[in-house]
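Next come the chains, spelled out residue by residue.
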Amino acid sequence: MAGANGARANGAGAAGPDGPAARRNAVVTPAAGRGGPYKVVVIGTGFSGLGMAIGLKKAGVHDFVILEKADEVGGTWRENTYPGCACDIMSLLYSYSFEPKNDWSRMFPKQGELLRYIKDIVGKYELEQHIRFGTEVTAAEYDDATDTWQLSVEGAGAEPGEIVRGRALAAGMGPLHQPNIPDLPGLASFEGTTFHSAEWDHSYDLTGKRVAVIGTGASAIQFVPQIAKRAGSLTVFQRTPPWIMPKPDRRVTGLEKALFRRVPGFQRGYRNGIYLLQESFVLGFKNPRLLKAASSIAQWHLARQVPDPELRRKLTPDYTMGCKRTLVSSDYFPALMRPDVELTTEGIAEVREHSIVTRDGREHAVDAIIFGTGFHVTDAFENARITGRNGLKIQDAWKDGIEAHLGVAVKGFPNLFLLLGPNSGLGHNSMIFIIEAQVRYVLQCLAMLDAAGGARISVKPSVQDRFNAWVRRKSEGAVWVAGGCDSWYLDRNGVNRAAWPASTVNYWLRTRRLDPRDFTVEGRDGEPAVPRSVAG
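We now turn to the structure provided with this report. (Residues numbered from 1 in each chain as written. Predicted model: local features only at pLDDT ≥ 70, side-chain atom pairs only at ≥ 80, totals over all residues. Heavy atoms only, no water.)

### Notes on the state of the cysteines
Thinking step 1. Following the criterion strictly, the structure yields one disulfide and no others.
Thinking step 2. Covalent S-S linkage joins C323 and C485, the inter-sulfur distance amounting to 1.9 Å. In this structure, the disulfide formed by C323 and C485 twists by about -105° around the S-S bond and is classed as left-handed. With C323 in the loop between helix 10 (309-314) and strand 11 (327-328) and C485 in the loop between helix 15 (479-482) and helix 16 (504-512), the pair connects residues that are 162 residues apart, well separated along the chain.
Thinking step 3. With a relative accessible area of 0%, C323 lands in the buried category.
Thinking step 4. With no disulfide partner, C87 has as its closest neighbouring cysteine sulfur the one in C85, 9.0 Å distant.
Thinking step 5. On the basis of relative accessibility, which here comes to 4%, the residue C87 falls in the buried class. (Disulfide = S-S within 2.5 Å. Helix = DSSP H or I, 4+ residues; strand = E, 2+ residues; numbered from the N terminus. Buried < 20%, exposed > 50% of the residue type's maximum accessible area, 1.4 Å probe, protein only.)

Laid out in structure tokens, this is it:
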């Protein structure tokens with residue numbers, strides 16, 4: 001996710017050579033200097049980028065740098081600070097498997113607690129010395145002459161025109177980092193305040209204001225109940241109602257925390273139980289009929305909290321559960337029942353200087369518009385400046401749609417590794433499970449490159465093509481494609497480009513052990529280089 005730069009957690013930092021400010025700038029540099037070439041350049045300090053950095057350290061690789069556009073770590077959990085922001089996966093599962101936290105305050109962690117967890121991880125693994133804050137990557141180009149990635153960077157932490165070089169590039173920006181603002185007629189003429197949920201304007205006081213919320217996705221159902229308490233009036237503009245399950249959130253008890261600390265294996269077993277419960281939903285994604293029980297719970301939840309039959313009709317989805325992301329909330333429906341909150345489904349015709357006009361001709365006077373309209377996913381790379389071997393632009397490589405091998409490697413782009421790339425997204429389980437599997441896979445690719453003494457490693461085109469043909473076959477009949485809705489899983493042609501079409505166990509098995517036959521390793525002379533471990 002992307003948005004406003006996060007504020008520095010510890011202020012300006014203490015002065016002096018040993019203060020926090022000095023440590024923030026004490027980036028580990030290779031012998032060649034601050035610009036590289038590093039062995040690995042990592043982009044982003046969310047769970048993906050930091051997971052990659054930790055994996056490198058554990059593998060004995062310390063010649064790497066992490067480029068971060070903001071001035072503190074956190075990724076999604078730094079960027080998103082809207083009221084009520086929390087994770088919809090339980091805290092015991094939404095954390096690194098190798099770094100369990102035994103004192104979570106709630107079953108579903110809130111944004112602040114997740115950000116603290118991330119910062120603690122950075123401190124424990126001494127990652128801050130590898131991070132360059134205020135350094136945004138604006139372009140990445142593979143240099144065939146030197147077999148290095150050349151990254152153009154800008155920002156407060158970069159020098160004018162600076163280039164950072166790396167032998168390998170691990171991109172951990174995450175799939176949801178470009179806010180999607182709909183192109184509404186007349187929006188530019190609006191004289192009030194507008195902002196996206198991922199760019200929350202905390203300086204704007206919503207108290208007593210006439211507020212419009214456009215969108216009813218995962219973020220909106222969290223912040224609507226919070227701002228409804230403060231706004232003078234709130235109008236929620238809904239295009240498609242989401243399926244919403246009750247959220248079994250509660251405080252983690254003192255007894256549970258004590259058991260986590262003192263009983264070996266108890267927290268691991270608890271985590272595994274949550275994982276298996278979440279994983280069971282994948283059966284319904286492939287066989288939508290199996291979701292009837294879950295959809296019955298969602299319908300009961302709606303009927304219990306919304307007695308008004310007309311409002312309940314507006315909130316009832318007309319597509320198969322799982323086609324869009326299934327959400328969890330126990331306070332969204334009650335917020336819509338408030339007398340000062342209105343849900344409209346008429347569709348927006350235009351925006352005027354002080355109002356929004358719906359297609360039925362009704363004019364809604366508003367002081368502020370908040371967009372809960374999600375992110376660019378399948379079209380996120382349309383303007384990206386990424387160039388592979390022989391000048392291949394990412395837009396040309398993906399002219400028929402974004403794709404990669406296992407969501408990690410892209411043909412024509414050697415030594416480039418995507419984290420949470422195409423078709424590695426989940427709608428039912430923890431993304432950190434996928435991240436850890438991908439980090440292990442990337443480390444195997446780097447080890448294979450080193451073992452061969454090669455300059456570049458590339459996935460074979462036939463391997464990527466075969467994998468994506470499998471993805472298309474597995475997606476046929478799945479709820480994302482056949483569920484009767486439009487979602488961010490699908491591109492403009494209705495092809496699944498985002499969701500992993502099988503179980504996470506399947507993904508783990510596919511990435512557990514790299515098959516050397518899937519990749520080509522070459523030396524600087526272009527000749528094949530055979531890893532010693534697989535020679536003969």
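### Side note on the environment of I118
Thinking step 1. The residue I118 is located in helix 4 (residues 111-124) in this model.
Thinking step 2. By relative accessible area, I118 is classed as buried at 2%.
Thinking step 3. Residues contacting I118, with those up to four places away along its chain left out, are T45, F47, L50, V73, G74 and W77. (Contact = heavy atoms within 4.5 Å.)

### Regarding helix 14 (residues 461-475)
Thinking step 1. Here helix 14 is 15 residues long and its end C-alpha atoms lie 21 Å apart, about the 21 Å a rise of 1.5 Å per residue gives.
Thinking step 2. When helix 14 is considered as a whole, its buried residues turn out to be V463, Q464, F467, N468, W470, V471 and S475. The buried residues of helix 14 occupy one face: seen down the axis, they fall within an arc of 150°. For helix 14, the exposed residues lying more than 90 degrees away from the buried face are R466 and R473.
Thinking step 3. Where helix 14 is buried, its residues meet helix 8 (282-286), strand 19 (456-459), helix 15 and helix 16. (Expected span 1.5 Å × (residues − 1). Arc of directions from axis to C-beta.)

### Brief notes about the sheet that holds strand 16 (residues 368-371)
Thinking step 1. An order of 7-16-8-9-12 is seen for the five strands of this open sheet, with the pairing classed as parallel. The sheet terminates laterally at strand 7 (193-196) and strand 12 (341-344), the two strands that pair on one side only. Between one strand axis and the next, the sheet turns by 15° as a mean value, whatever way the strands run.
Thinking step 2. Against the sheet, helix 5 (residues 220-228) engages strand 8 (210-214), strand 9 (233-237), strand 12 and strand 16, with an angle of about 170° to strand 8. (Pairing = 2+ DSSP bridges. Axes fitted to C-alpha atoms, helices over the stretch in contact; angles between N-to-C directions.)

### Regarding the nonpolar core
Generally speaking, a soluble globular protein has its nonpolar side chains buried in company with each other.
Thinking step 1. By size, the foremost hydrophobic cluster in this structure holds 102 residues, and its most contacted members are F47, V213, F223, I227, L234, I370 and F519.
Thinking step 2. The greatest single-element share of this core, amounting to 13 residues, is contributed by helix 13 (residues 431-452).
Thinking step 3. Residues within four places of F519 in sequence aside, it is in contact with H405, A409, Y441, C445, M448, I457, S458, V459, K460 and L514.
Thinking step 4. With 24 residues, the next largest nonpolar core counts Y142, V164, I402 and L418 among its residues. (Core = buried A, V, L, I, M, F, W, Y, C linked by side-chain atoms within 4.5 Å.)

### Digging into the pattern of salt bridges
Thinking step 1. Counted by the stated rule, this structure contains 26 salt bridges.
Thinking step 2. Where D103 meets K101, a salt bridge forms, and the shortest distance between an N and an O atom there is 2.8 Å.
Thinking step 3. By sharing partners, the salt bridges in this structure join D144, D147, R389, R456, E522 and R524 into a single network. (Salt bridge = Lys/Arg side-chain N within 4 Å of Asp/Glu carboxyl O.)

### Here's the deal with a nonpolar patch on the surface
Thinking step 1. Nonpolar side chains collect at one region of the surface, where V505, W508 and L509 lie side by side and expose about 270 Å² of accessible area between them.
Thinking step 2. With respect to the helices and strands, the residue W508 is situated in helix 16.
Thinking step 3. Judged by relative accessible area, W508 falls into the partly exposed class, the value being 32%. (Patch = residues over 30% accessible without salt bridge, like charges linked within 9 Å, V, L, I, M, F, W, Y side chains within 5 Å. Areas by Shrake-Rupley, 256 points an atom, 1.4 Å probe, with all protein chains shown as cover.)

### Things to note about the sheet that holds strand 14 (residues 355-358)
In sheet architecture, strand pairing relies on hydrogen bonds along the backbone and comes in two forms, parallel and antiparallel.
Thinking step 1. Pairing in this open sheet of three strands is antiparallel, and the strands run 13-14-15 from one edge to the other. The open sheet has two edge strands with one neighbour each: strand 13 (348-352) and strand 15 (363-365). Along the sheet, successive strands turn relative to each other by an average axial angle of 20°, direction set aside.
Thinking step 2. Summarising the sheet, strand 14 and strand 15 pair through three bridges and their orientation is antiparallel. Counterpart to V357 in the pairing with strand 15 is E363.

### Examining the packing of helix 13 against helix 16
Thinking step 1. Interhelical geometry of helix 13 versus helix 16 gives an angle of 10° and a closest axis separation of 9 Å. By the angle between their axes, helix 13 is roughly parallel relative to helix 16. For the pair helix 13 and helix 16, the contacting residues are F433, I434, A437, Q438, R440, Y441 and Q444 in the first and T504, Y507, W508, R510, T511 and R512 in the second.
Thinking step 2. Counted by class, the contact of helix 13 with helix 16 contains six nonpolar, four polar and three charged residues. (Parallel < 35°, antiparallel > 145°, perpendicular 65-115°, else oblique. Nonpolar A, V, L, I, M, F, W, Y, C, P; charged D, E, K, R; others polar.)

### Regarding the side chain of E403
Thinking step 1. Among the secondary structure elements, E403 is positioned in the loop between helix 12 (394-397) and strand 18 (416-418).
Thinking step 2. Among the polar contacts made by the side chain of E403, one reaches the side chain of Q464 at a distance of 3.2 Å.
Thinking step 3. Apart from the residues within four sequence positions on either side, E403 is in contact with W398, V410, K411, P422, Q464, D465, N468 and R497. (Polar contact = N/O pair within 3.5 Å; in protein donor to acceptor, adjacent residues only side chain to side chain.)

### Focus on the packing of aromatic side chains
Thinking step 1. Under the definition given, this model contains 22 aromatic pairs.
Thinking step 2. Geometrically, the ring pair formed by F47 and Y94 is edge-to-face, given 5.4 Å between the ring centres and 80° between the ring planes. One end of the pair, F47, is in helix 2 (residues 47-58); the other, Y94, is in the loop between helix 3 (76-79) and helix 4, with 47 residues separating them in the sequence. Side by side, F47 and Y94 carry an identical accessibility label, which is buried. (Phe/Tyr/Trp six-rings, centres within 6.5 Å; stacked < 30°, edge-to-face > 60°.)

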